[in-house]
Amino acid sequence: MAQQTEQDAPKIEFPCPDYPIKVIGRDGPDFQEVVIEVLRIHVPDLDITKIEIQGSRKGTFVSLRMKITATGHDQLKALHEDLLGTGRVQMVM
């Protein structure tokens, strides 16, 4: 099976409504607030009522899932970097 290259990757057309984002980190009293604060910088029209929150089986980690309107690669890259830059986020998908 051939390995997929960046050229073969599906192209995203911007703006892209309903772009899925999943943020995973260690659960803590203010983890959700930290993530939402960063999201609001990059996604001003974020609807926090539609964020799905799920804890891990042992309660160590939590994931926040949402859909945003992605406006471009620069927005997504900056969002990813700022979320990881909090020191609280383990993974952004």
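Criteria and thresholds
- Residues numbered from 1 in each chain as written.
- Predicted model: local features only at pLDDT ≥ 70, side-chain atom pairs only at ≥ 80, totals over all residues.
- Heavy atoms only, no water.
- Salt bridge = Lys/Arg side-chain N within 4 Å of Asp/Glu carboxyl O.
- Helix = DSSP H or I, 4+ residues; strand = E, 2+ residues; numbered from the N terminus.
- Buried < 20%, exposed > 50% of the residue type's maximum accessible area, 1.4 Å probe, protein only.
- Contact = heavy atoms within 4.5 Å.
- Expected span 1.5 Å × (residues − 1).
- Arc of directions from axis to C-beta.
- Pairing = 2+ DSSP bridges.
- Axes fitted to C-alpha atoms, helices over the stretch in contact; angles between N-to-C directions.

(A) Expanded view of the pattern of salt bridges. All told, the structure shown has 2 salt bridges when counted by the stated rule. Residue Lys77 pairs with Glu81 through a salt bridge whose shortest N-O separation is 3.9 Å. Of this pair, Lys77 and Glu81 both sit in helix α2 (residues 73–85), 4 residues apart, which is roughly one turn of the helix. Looking at Glu81, the relative accessible area reads 45%, which means it is partly exposed.

(B) Up close: the environment of Pro15. Secondary-structure assignment places Pro15 in the segment before β1 (16–26). A C-alpha to C-alpha distance of 22 Å links Pro15 and Thr49, two positions 34 residues apart in sequence. With sequence-adjacent residues up to four places away left out, Pro15 is seen in contact with Thr69, Ala70 and Thr71.

(C) Inspection of α2 at higher detail. Taking 1.5 Å as the rise per residue, α2 with 13 residues should run 18 Å; its terminal C-alpha atoms sit 18 Å apart, in good agreement. All of the buried residues in α2 are Gln75, Leu76, Leu79 and Leu83. The arc that holds the buried residues of α2, viewed along the axis, is 95°, so those residues lie on one side. With respect to the buried face of α2, the exposed residues turned more than 90 degrees away are His73, Asp74, Lys77 and Gly85. Looking at the buried residues of α2, the elements they touch are β1, α1 (31–42), β3 (61–70) and β4 (89–92). Two residues or fewer past α2, Gly87 is found with a positive phi of approximately 80°.

(D) The sheet that holds β3, seen in detail. Reading across from one edge, β2-β3-β1-β4 is the order of the 4 strands in this open sheet, with antiparallel pairing throughout. Looking at the sheet topology across the chains shown, the edges are occupied by β2 (52–55) and β4. Each strand of the sheet is rotated relative to its neighbour by a mean of 25°, with strand direction disregarded. When β1 meets β3, the two strands line up antiparallel, connected through 9 bridges. Each bridged residue has a counterpart across the sheet, and for Cys16 the counterpart in β3 is Ala70.

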